[in-house]
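Structural overview
Here is how the chains run, residue by residue.
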Amino acid sequence: MQPRIEPDSTTGTIDIEQIRQDFPALHQQVRGKPLTYLDNAATSQKPKQVIEALSRYYSYQNSNIHRGVYYLSEQATAAYEAARVKAQRFLNAANPAEVVFVRGTTEAINLVASSYGRLVLQPGDEVVISAMEHHSNIVPWQLLCESVGANLRVAPIDTSGTLIISEYEKLLGPRVKIVALVHVSNSLGTINDVKHLVGLAKEQSAVVLIDGAQAAPHMPIDVQDIGCDFYTVSGHKMYGPTGIGVLYGRIELLETMPPYQGGGEMIRSVTFEKTTYAPPPAKFEAGTPHIAGAIGMGVAIEYLEQLGWDFVREQERVLLEYALERLATVPGLQVIGSAESRASVISFTVDGIHAHDIGTIVDQEGVAIRTGHHCTQPIMDFFGVPATARASFAFYNTVEEVDTLTKALMEAREVFG
Ligand code: 7TS
């Protein structure tokens, strides 16, 4: 259950090899080579502790929650609700009822757009997003704006991939009801100063959602300090299972919002004439939830807490710096995005080689990187590229893996002359 991580008793440092032992997926050969997994922004690998928690749940605790009077159901309910409290602690939410379990960031944003958005938006109102959003923080707002006759406004970025704050401020007028911004960009790595951006939006009384899918794996999150109304995370990007995530919502808002989906578990009473709803978070958790997923996500949170943010941030900083240095030695390689404050994500192009070919060639060396538009087509358009290759690092990656990537890219250069 406990992460097997202990600092070396003499040096006080954490041994990466010891940590890597917790991640079974990292110890395999692919295409006859040791796997070098550098697609952590798409999804992270899972520690044994999370995998074992899932297995334990399905082996010994499996039962439906919130409805059984028998032992197993009581155990499963307690474990599910304990996971909610862990997520509350992780985000520093004031109240566990502010933690709604959802499938992930995509569902969280759709929930807010459908429920809160339809509640407050009037024709002519505005929703502000930024030019560096993932499609899941664009399309739900487009759908909402189209259906209510509201307008979507986009705050621009500069060529370093940094939000232009003066332009963002200009967009924040009295018609803006909702602002939805990414905390960390998945294709550029840019870290937005969300506390500052939320503060500016609050001067206009806008409600603010922060897409934290790429932030939560890399840094401590404090929703109260940020001052946002909604914050979203995906369990699978932070060492937890797929199909589970959290929507944090300020309780005052969750209480006024209509349900997103109807069904079991979200009601107080049902008659054919009228249904009344359960209070949050149950109001937004219709049907049988991903019980095992929530429990597994809770274990992933404990795992990160045990590692400590100082270690995670320092390890990823070292990897980012080293990778930027090494990639700069590959002829024709251009890094897309150079914001001052950035996470361990590097998008790049190589002259004369399509991003997909880069991905395919390095795969022959066992290196897994993502290629394509990364669900951020507007960013690709802005930088005038059809696609990029992207390497994204987790605390369990090593400088040797950066060398493997660099060597594979050098070979790609040779293949394409
Ligand atoms: N927001 C950001 C910033 C993301 O990076 C992603 C997924 C999402 C939202 C959607 O999260 P989901 O868990 O609901 O799918 N990003 C990526 C990526 O960069 N590569 O694959 C998925």
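Residues numbered from 1 in each chain as written. Predicted model: local features only at pLDDT ≥ 70, side-chain atom pairs only at ≥ 80, totals over all residues. Heavy atoms only, no water.

1. Describing the sheet that holds strand β9 (residues 230–234)
Applied cut-off: By this definition, two strands are paired if DSSP reports at least two bridges between them. Under the DSSP-based scheme used, a helix requires at least four consecutive residues in state H or I and a strand at least two consecutive residues in state E, with every element numbered from the N terminus. Between N-to-C directions, angles span 0 to 180 degrees; the directions come from axes that are lines fitted to C-alpha atoms, helices contributing only their stretch in contact. The contact rule is simple, with two residues in contact once any of their heavy atoms fall within 4.5 Å.
Ordered in space as β4-β10-β9-β8-β7-β5-β6, the 7 strands form an open sheet in which the pairing is mixed. Bordering the open sheet on either side are β4 (99–102) and β6 (151–155), each of which pairs with just one other strand. Neighbour to neighbour, the strand axes of the sheet diverge by 20 degrees on average, direction disregarded. Direction of pairing for strand β7 (residues 176–182) relative to strand β8 (residues 207–211): parallel, over a ladder of 5 bridges. The partner of Val182 across the bridge, within β8, is Asp211. Along the sheet, helix α7 (residues 194–202) contacts β7 and β8; its crossing angle with β8, the most-contacted strand, is approximately 160 degrees.

2. Some points on the site of the ligand
This is how the line gets drawn: We call a residue near a molecule or strand whenever a single non-hydrogen atom of that residue lies within 4 Å of it. What qualifies as a polar contact is a pair of N or O atoms within 3.5 Å, subject to a donor-acceptor requirement within protein and to the restriction that residues adjacent in sequence count only when both atoms come from side chains. Any residue with an atom within 4 Å of a point lines the site, the site being either a cavity, points on a 1 Å grid over the protein atoms alone where a 1.4 Å probe fits but cannot get out, or a pocket, an open set with protein on both sides within 12 Å along at least 5 of 7 lines. Criterion for pocket placement: a molecule counts as inside a cavity or pocket if more than half of its atoms are within 2 Å of its grid points.
In the vicinity of the ligand, 16 residues are found, and the nearest of them are Thr106, Asp211, Gln214, Arg370 and Arg390. Within the side chain of Thr106, one N or O atom sits 2.6 Å away from an oxygen atom of the ligand. Between the ligand and the protein, one listed contact pairs a nitrogen atom with a side-chain N or O atom of Asp211 at 2.6 Å. Comparing atom positions with the cavity grids shows the ligand to sit within the largest pocket.

3. What to know about the nonpolar core
Our working rule: By nonpolar core is meant a set of buried Ala, Val, Leu, Ile, Met, Phe, Trp, Tyr and Cys residues that side-chain atoms within 4.5 Å join together. Between buried and exposed lies partly exposed: a residue is buried under 20% and exposed over 50% of the maximum accessible area for its type, with that area taken using a 1.4 Å probe on protein chains only. Note that domain bounds follow an automatic or database assignment of domains.
Grouped together as the largest cluster of nonpolar side chains are 80 residues, with contacts concentrated most on Tyr168, Val179, Tyr231 and Phe395. Mapped onto the domain boundaries, this core takes at least three residues apiece from domain 1 (16–43 + 308–415) and domain 2 (51–305). Of all hydrophobic cores here, the second largest spans 27 residues; its members include Ala150, Ala180, Met257 and Phe284.

4. Topic: the packing of aromatic side chains
Rule in force here: Classification of ring pairs rests on two measures: the distance between centres of Phe, Tyr or Trp rings, Trp counted by its six-membered ring, which must be within 6.5 Å, and the angle between planes, read as stacked under 30 degrees, edge-to-face over 60 and tilted in between.
Counted under the stated rule, the structure contains 14 aromatic pairs. Ring centres of Tyr239 and Tyr396 lie 6.0 Å apart, and the angle between their planes is 80 degrees; on these two criteria the pair is classed as edge-to-face. A residue pair is termed long-range when its members are at least 10 positions apart, and Tyr239 in the loop between β9 and β10 (245–249) and Tyr396 in the loop between β17 (388–392) and α14 (399–415) qualify at 157 residues. When sorted by exposure, Tyr239 lands in the same class as Tyr396, which is buried. One aromatic cluster is present, built from ring pairs that chain together Phe23, Tyr239, Tyr303, Phe311, Phe395 and Tyr396.

5. Quick word on the packing of helix α2 (residues 48–61) against helix α10 (residues 291–307)
Stated precisely, the cut-off is as follows: Rotating anticlockwise by less than a right angle from the far helix to the near helix defines a left-handed crossing, while the corresponding clockwise rotation defines a right-handed one. Think of it as three bins: nonpolar holds Ala, Val, Leu, Ile, Met, Phe, Trp, Tyr, Cys and Pro, charged holds Asp, Glu, Lys and Arg, and polar takes everything else, Gly as well.
Running from amino to carboxyl end, α2 crosses α10 at an angle of 145 degrees, the nearest separation of the two axes being 8 Å. Crossing geometry of α2 relative to α10 is assigned as right-handed. Residues Gln49, Val50, Ala53, Leu54, Tyr57, Tyr58 and Gln61 of α2 form the contact with α10, whose own contacting residues are Ile291, Ala292, Gly293, Ile295, Gly296, Val299, Ala300 and Tyr303. Of the residues contributing to the contact of α2 with α10, the split by class is 11 nonpolar, 4 polar and no charged.

6. Quick word on the sheet that holds strand β13 (residues 333–336)
Taking strand neighbours across the sheet as the criterion, the 4 strands line up as β13-β14-β17-β16 in an open arrangement whose pairing is antiparallel. What marks the edges here is a single partner per strand, and that holds for β13 and β16 (370–372). Each adjacent strand pair in this sheet contributes to an overall mean axis angle of 30 degrees, direction not counted. Direction of pairing for β16 relative to β17: antiparallel, over a ladder of 3 bridges. Paired with Arg370 across the strands is Arg390, a residue of β17. Along the sheet, helix α11 (residues 309–327) contacts β13 and β14 (345–350); its crossing angle with β14, the most-contacted strand, is approximately 10 degrees.

7. Things to note about a nonpolar patch on the surface
Applicable threshold: A patch consists of residues whose relative accessible area exceeds 30% and which take part in no salt bridge; residues with like charges are grouped when within 9 Å of each other, and nonpolar side chains (Val, Leu, Ile, Met, Phe, Trp, Tyr) when within 5 Å. Computed with the Shrake-Rupley method and a 1.4 Å probe, the accessible areas treat only the protein chains shown as cover for residues. By convention in these notes, a salt bridge is any Lys or Arg side-chain nitrogen within 4 Å of a carboxyl oxygen on Asp or Glu.
Taken together, the side chains of Tyr70, Tyr71 and Leu72 define a hydrophobic patch exposed on the protein surface, amounting to about 330 Å² of accessible area. Its location among the elements puts Leu72 in helix α3 (residues 71–91). For Leu72, a relative accessible area of 30% corresponds to the partly exposed category.

8. Details of empty space enclosed by the protein
Which entries qualify depends on this criterion: Grid points are joined across faces, edges and corners, and a volume is the space filled by probe spheres set on the points.
For the coordinates displayed, the defined rule picks out 1 cavity of 30 Å³ or more. Computed from the structure, the largest cavity encloses a volume of approximately 60 Å³. Looking at the largest cavity, it is lined by 13 residues, and the ones nearest its centre are Asn40, Ala41, Gln214, His218 and Phe393. Here the residues of the lining of the largest cavity sort into 6 nonpolar, 6 polar and 1 charged. Formed jointly, the lining of the largest cavity draws a minimum of three residues from each of two domains, domain 1 (16–43 + 308–415) and domain 2 (51–305).

9. Describing the domain arrangement of the chain
Under the convention used in this document: Summed over both partners, the accessible surface that disappears when two parts come together, traced with a 1.4 Å probe, is what is meant by buried area.
Each assigned domain of the chain is listed with its residue range as follows: domain 1 (16–43 + 308–415) and domain 2 (51–305). Its C-alpha centre places domain 1 at a distance of 28 Å from the equivalent point of domain 2. The contact between domain 1 and domain 2 buries some 2,800 Å² in all, and 58% of this surface belongs to carbon and sulfur atoms. Looking at the side of domain 1 facing domain 2, the largest losses of area belong to Trp309, Cys375 and Ile379, adding up to 21% of the total buried there. Counting across the interface, domain 1 meets domain 2 through 0 salt bridges. Contributing elements (two or more residues each) for the side of domain 1 that touches domain 2: α11, β14 and α13 (377–383). Residue contributions to the side of domain 1 that touches domain 2 peak at 6 residues, all from α13. Here the side of domain 1 that touches domain 2 is composed, by residue class, of 21 nonpolar, 11 polar and 5 charged.

10. As for the packing of α11 against α14
The condition is simple: Oblique is the label for every angle not falling under 35 degrees (roughly parallel), over 145 degrees (roughly antiparallel), or within 65 to 115 degrees (roughly perpendicular).
It is the contact of α11 with α14, at a shortest axis distance of 10 Å, that shows an interaxial angle of 20 degrees. The angle between α11 and α14 falls in the class roughly parallel. Note on packing geometry: the crossing formed by α11 with α14 is right-handed. Mapping the contact onto sequence places Leu319, Tyr322, Ala323, Arg326 and Leu327 in α11 and Val399, Val402, Asp403, Leu405, Thr406 and Leu409 in α14.

11. Concerning the environment of Val415
Among the structural elements, Val415 can be located in helix α14. For the pair Val415 and Ile361, spaced 54 residues apart in the sequence, the C-alpha separation amounts to 8.8 Å.

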